[in-house]
Amino acid sequence: MMKKNWTLLLALPFTVAGCGENSSNSPAVEQLPAFDRLGLLKDISEGVIQPRYASFVERTQALKTVTDSFCQNLTTGSAWATAVTPVQNEWKETMALWQEVEAFQFGPLTDQESILRYDIYTWPVLNACAVDRQVNAMAQNAATYSLSTDDGTKSLSAIEYLLYDDDSLHACKADDTQVQGWNDRTEAARHELRCGYLKLLATDLVTQAETLQNKWNDGSQGYHYQLIAEAGDTDLQTRINVISDSLFFLDATLKDKKLGIPLGIHSSCRTDVCPESIEHPLSQQSLAAVQHNLIGFKAAFEAGFDDYLKAAGGEALATQMQTDIDEAVASAESLADESLLDFINNLDQAACAATTTDDRKVAICALYQDVKVITDELKTEFVEILKLSTPAQSSGDND
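Quantities reported herein were computed from a predicted structural model and do not represent experimental measurements.

Cut-offs applied
Residues numbered from 1 in each chain as written. Predicted model: local features only at pLDDT ≥ 70, side-chain atom pairs only at ≥ 80, totals over all residues. Heavy atoms only, no water. Disulfide = S-S within 2.5 Å. Helix = DSSP H or I, 4+ residues; strand = E, 2+ residues; numbered from the N terminus. Buried < 20%, exposed > 50% of the residue type's maximum accessible area, 1.4 Å probe, protein only. Axes fitted to C-alpha atoms, helices over the stretch in contact; angles between N-to-C directions. Parallel < 35°, antiparallel > 145°, perpendicular 65-115°, else oblique. Left-handed = near helix turned anticlockwise from the far one by under 90°. Contact = heavy atoms within 4.5 Å. Nonpolar A, V, L, I, M, F, W, Y, C, P; charged D, E, K, R; others polar. Salt bridge = Lys/Arg side-chain N within 4 Å of Asp/Glu carboxyl O. Polar contact = N/O pair within 3.5 Å; in protein donor to acceptor, adjacent residues only side chain to side chain. Expected span 1.5 Å × (residues − 1). 1 Å grid on protein atoms, 1.4 Å probe; cavity = no way out; pocket = protein on both sides within 12 Å on 5 of 7 lines; lining within 4 Å. Points joined across faces, edges and corners; volume = space filled by probe spheres on them. pLDDT = per-residue confidence, 0-100. Core = buried A, V, L, I, M, F, W, Y, C linked by side-chain atoms within 4.5 Å.

J.: What is the right way to read the state of the cysteines from this model?
T.: Should the sulfur atoms of two cysteines be covalently bonded, the bond is a disulfide. Scanning all chains against the criterion turns up four disulfides. Across the disulfide from Cys71 sits Cys195; the S-S distance is 2.0 Å. Residues Cys71 and Cys195 are joined by a disulfide whose S-S torsion is about -90 degrees; by sign, that bridge is left-handed. Of this pair, Cys71 sits in helix α2 (residues 37–74) while Cys195 sits in helix α8 (residues 187–217); the two residues are 124 residues apart in sequence, bridging distant segments of the chain. An identical accessibility class is assigned to Cys71 and Cys195; each is buried. At a sulfur-sulfur separation of 2.0 Å, the disulfide partner of Cys352 is Cys365.

J.: Where do I start with the packing of α2 against helix α12 (residues 286–311) in this structure?
T.: When two helices pack together, their arrangement is given by the angle between the helix axes and by the axis-to-axis distance. Where α2 contacts α12, the two axes come as close as 9 Å, and the packing angle between them is 160 degrees. Taken together, the axes of α2 and α12 lie roughly antiparallel to each other. Read as a crossing pair, α2 and α12 show a hand that is right-handed. Only Ile295, Ala299, Ala300, Ala303, Gly304, Phe305 and Tyr308 of α12 make contact with α2, whose side of the interface consists of Arg37, Leu40, Asp43, Ile44, Val48 and Arg52. For the contact of α2 with α12, the per-class residue count stands at nine nonpolar, one polar and three charged.

J.: Just to check I follow, could you spell out the pattern of salt bridges for this structure?
T.: Pairing between side chains of opposite charge can happen when the charged atoms of each approach one another. Scanning the model with the defined rule gives 19 salt bridges in all. The closest approach of N and O atoms between Asp256 and Lys255, which form a salt bridge, is 2.7 Å. Both residues of the pair, Asp256 and Lys255, count as buried. When the shortest N-O distance is used, the salt bridge between Lys361 and Asp359 registers 3.1 Å. Classification of Lys361 as partly exposed rests on a relative accessible area of 47%. Of the residues examined, Asp359 reaches a relative accessible area of 36% and is grouped as partly exposed. Several salt bridges converge on common partners, so that one network encompasses Asp251, Lys255, Asp256 and Lys379.

J.: I keep staring at the environment of Tyr145 and nothing clicks. Help me out?
T.: On the secondary structure map, Tyr145 appears in the loop between α6 (128–140) and α7 (155–164). Owing to a relative accessible area of 17%, Tyr145 belongs among the buried residues under this scheme. Spatially, the C-alpha atom of Tyr145 lies 9.2 Å from that of Gln134, the residues being 11 residues apart in sequence. If we skip the residues at most four places from it in the chain, Tyr145 touches Gln134, Ala137, Met138, Tyr197 and Leu200. In terms of polar contacts, Tyr145 uses its side chain to reach the side chain of Gln134, at 2.5 Å.

J.: Could you clarify how one ought to interpret helix α11 (residues 249–260) in this entry?
T.: For the α-helix, the turn length of 3.6 residues means that residues three or four positions removed from each other point alike. Taking 1.5 Å as the rise per residue, α11 with 12 residues should run 16 Å; its terminal C-alpha atoms sit only 14 Å apart, a clear shortfall. With respect to burial, α11 is a largely interior element, 12 of its 12 residues being buried. All of the buried residues along α11 are Phe249, Leu250, Asp251, Ala252, Thr253, Leu254, Lys255, Asp256, Lys257, Lys258, Leu259 and Gly260. Taken together, the buried residues of α11 touch α4 (85–101), α10 (233–247), α12, α14 (340–345) and α16 (363–386).

J.: Would you take a moment to explain empty space enclosed by the protein for this structure?
T.: Taking a probe equal in size to a water molecule and rolling it over the atoms shows the remaining empty space. Enumeration over the complete set of coordinates arrives at two cavities of 30 Å³ or more. Volume-wise, the second largest cavity comes out at about 50 Å³. Taken together, the elements giving at least two residues each to the lining of the second largest cavity come down to α4 and α12. Among the elements that make up the lining of the second largest cavity, the one with the highest residue count is α4 (five residues).

J.: Where do I start with the confidence of the model for the protein chain in this structure?
T.: Do not read the predicted coordinates in detail wherever pLDDT is low. For the protein chain, the mean per-residue pLDDT works out to 90, and 91% of the residues sit at or above 70. In the model, residues 1–29 has pLDDT below 50 throughout and makes 66 contacts with residues more than four positions away in sequence or in other chains.

J.: What am I meant to see in the nonpolar core here?
T.: For soluble globular proteins, nonpolar side chains are generally found buried alongside one another. One finds Trp98, Leu259, Phe305, Ile364 and Phe382 to be the most contacted residues of the largest nonpolar core, which totals 107 residues. The element best represented in this core is α2, accounting for 14 residues. Residues contacting Trp98, with those up to four places away along its chain left out, are Phe56, Leu109, Arg117, Ile120, Tyr121, Leu156 and Leu212.

J.: Looking at this structure, how should I read α10?
T.: For α10, with 15 residues, the first-to-last C-alpha span of 21 Å sits near the 21 Å given by 1.5 Å per residue. A large share of α10 lies buried, amounting to 12 of its 15 residues. Those residues of α10 not exposed but buried are Asp235, Leu236, Gln237, Arg239, Ile240, Asn241, Val242, Ile243, Ser244, Asp245, Ser246 and Leu247. Lining the buried residues of α10 we find α2, α9 (223–228), α11, α12 and α16.

Structure below.
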């Protein structure tokens, strides 16, 4: 697979002002709606982010445990095809929770050009050949081998590839010297070596999950403290704007990259459809990912943005957005077990183009429209009423 371009949502650093700041002299503050901004920030951190980060650590630990057990059983003669299912199921659970976390693209996930995020999940970057090269390198230098830091060779993405790749043959060109001799090994030997690499990946994933949690909770140095430190309304509004920017993950990533491009709706797809852009082509978890992205978005919205809208005179929009979010979540849930690839392969493009949220001719295209309704609201009334800015990549984009 080739690396694809990825537009990252880069967060501004939180501005922590002194507790004694008097913001009443600022003209900008007088224009802001009266609201408990600090309460919103605390609810986001303590009610949405912290519990999910903690749960993600637990899920990665469970994934490591089941992976270790699976690999041990392989050495005693268990067949890969029958024994791998519990590991795949644990990976699905871990991936689903991560998709909720993906809705919060700020703080430690966007530090230093999103290094930590990519250590946990590299989509849309996955280089299957590079993974196979690393497995072969580990096989040849077992005593001294350590995981590479190259994009696409570890994380949940590489684990998915190894768990769901059917034949265990390498994905490189035939003359690639870095995997020379790999396909000559027995299938059992290839599986055992891949399992050794899977154990390293699972262990590293636990480390990255714990790092994420620690960066958020690290006392006065942690993002939680920075987010909820006392400050004037202007600084609190700036922090809220960082979180608001992260909500636009729903637009540029979920709507466009996960649905619009594969379905051929977005202009970045230069052909009728672009199935090669599907997020989870091997595990077929593409639509489950959409569902959990929406669940994460819903949690953030309901943690206080709905109340902020009502306090700012946008009660009608708050009510409408809540309805639209619930409908999108329900729509995604109804399709979560379906194959996005099957939808694409059997797509009636004319019917898809004629699909609306009310006239749901094609279910997958209706889901795209459900999400688009929310992102259109985000880019217009939501930011206008709350006096927030729009991320550059979403400004003026109403496709």
